[in-house]
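One-letter residues, chain by chain:
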Amino acid sequence: MSVQFSTPLMDAKNFPPAVVKAQPALSFTDSSLWHKTAQLDDVTTFSRARYALVAAALCLKRVGQNNTVLIPAYHCPALVEPFIYAGYDIKFYSQLPDLSTNIADFSRLLTPEVSHVVAVRYFGFSQNTDALMLAASAGGKIVIEDNAHSLTHFWRTCIHKPSAVSACVSSIPKTLGTLDGGVLYLPGQKINMPTAVSVATELRALMSGSMPVKASAKLSTELRYFRPDMQKTDCLRISRWLLLHSNYAAISRQRRANYQYLAQLLQQSNAGQPLYPTLAEYDDPYVLPFVLNDIKWFARLREKGIQVLRWEEIAESGCGVSADLKNLLVQLPCHQGLNQVQLNKIAAVLI
Ligand SMILES: Cc1ncc(COP(=O)(O)O)c(C=O)c1O
């Protein structure tokens with residue numbers, strides 16, 4: 001099946017610059033030499049999670065056989081394009097309104113034709129991802145766990161090594177505010193180590209606050225967010241250092257506190273409701289997913305300089321929930337760099 005993404009609903013250029021950012025700024029506050037990530041076996045870094053995904057897709061591809069991957073219908077293109085590039089046939093499975101999956105319906109899709117399954121822990125919440133991965137693995141499928149939204153969940157998988165999971169990825173900037181970085185856990189497979197950029201390039205990136213785009217880096221006509229020539233590029237040394245030396249417990253504590261504070265304020269909102277009003281023990285929020293009653297609130301937030309994200313480019317799959325959430329689910333910032341004044345500012349728009 002060829003994948004058709006919907007066109008973006010709005011352009012960030014039409015709104016004022018963000019004053020409350022979606023991701024934290026680069027900071028060393030929650031890191032130190034004394035913090036050391038214990039588990040490094042089978043872990044490789046890349047420039048973004050999408051390149052970690054493509055490395056997993058290529059390594060785990062079955063030679064001489066059909067490769068069909070089941071991907072959740074609610075997604076961003078950066079999750080789907082690596083599999084298009086890697087030459088997989090792609091099918092989608094539906095989500096329920098709380099982004100969990102009906103396991104009985106999902107299991108019916110595990111036909112012999114399907115070889116791989118991608119499972120996403122959306123926004124640092126687990127939904128019923130563990131049950132889904134167990135069902136897929138019991139059905140003989142190769143499971144790739146997408147923890148792009150939480151390095152804490154990523155490290156948990158590296159440490160516990162669940163037998164149902166063949167690969168796991170995460171996106172470093174989403175947790176740590178770095179300029180780049182993706183990470184892959186791929187046990188038992190040999191992987192070519194990506195190459196670091198030159199020190200001069202790294203310094204230029206840090207001084208300008210953005211990653212340089214190589215002159216040769218062309219997007220293909222089919223892929224909007226995937227640059228084939230970035231596959232072999234490692235993340236910046238500073239992103240790797242922060243990956244290995246951050247105090248994830250402190251970051252998670254602050255994110256949870258911000259989430260709870262904002263969710264409490266939003267209880268009185270007439271604009272919609274938090275998808276998850278409360279946090280469970282292992283939830284590690286990346287953002288506060290908020291379901292609007294009316295699409296107009298998205299523009300109101302952006303007009304006030306609040307950098308809410310929304311997945312607007314979703315592949316046609318027949319899943320009504322993702323078609324609705326494409327318009328109505330906004331990702332409200334709650335990262336560790338925000339203070340109560342900024343959280344109040346977000347809530348004030350929606351109350
Ligand atoms: C669920 C999910 N997977 C993968 C990605 C890709 O992450 P990155 O931007 O680091 O390539 C993203 C974000 O774009 C995402 O939201």
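Further up the page is the structure itself.
Residues numbered from 1 in each chain as written. Predicted model: local features only at pLDDT ≥ 70, side-chain atom pairs only at ≥ 80, totals over all residues. Heavy atoms only, no water.

A. A look at the sheet that holds strand 7 (residues 182-185). A sheet is described by the order of its strands in space; here seven strands give the open sequence 1-7-6-5-4-2-3, paired in mixed fashion. Strands with a single pairing partner mark the edges of an open sheet, and in this sheet they are strand 1 (43-46) and strand 3 (89-93). Pairwise comparison of adjacent strand axes, ignoring direction, gives a mean angle of 20 degrees for this sheet. In the packing of helix 4 (residues 129-138) onto the sheet, the strands contacted are strand 3, strand 4 (116-120) and strand 5 (142-146), and the crossing angle to strand 4 comes to about 175 degrees. Contacting strand 1, strand 5, strand 6 (167-171) and strand 7, helix 5 (residues 151-160) runs over the sheet at an angle of about 20 degrees to strand 7. (Pairing = 2+ DSSP bridges. Helix = DSSP H or I, 4+ residues; strand = E, 2+ residues; numbered from the N terminus. Axes fitted to C-alpha atoms, helices over the stretch in contact; angles between N-to-C directions. Contact = heavy atoms within 4.5 Å.)

B. Structural detail: the pairing of strand 5. Counted residue by residue, strand 5 has five buried out of five residues, so it is predominantly covered. Along strand 5, one buried face is formed by Ile 142, Ile 144 and Asp 146 and the opposite face, lined by Val 143 and Glu 145, is buried too. In terms of strand pairing, strand 4 meets strand 5 through five bridges, oriented parallel. Following the sheet pairing, Val 117 is matched in strand 5 by Val 143. Assessed by its sense of winding, the connection that carries the chain from strand 4 through helix 4 to strand 5 is right-handed. One crossover worth recording links strand 5 to the parallel strand 6 by way of helix 5, and it is right-handed. (Buried < 20%, exposed > 50% of the residue type's maximum accessible area, 1.4 Å probe, protein only. Right-handed = clockwise from strand over helix to strand, strands pointing away.)

Just geometry here; none of it tells us what the structure is for.
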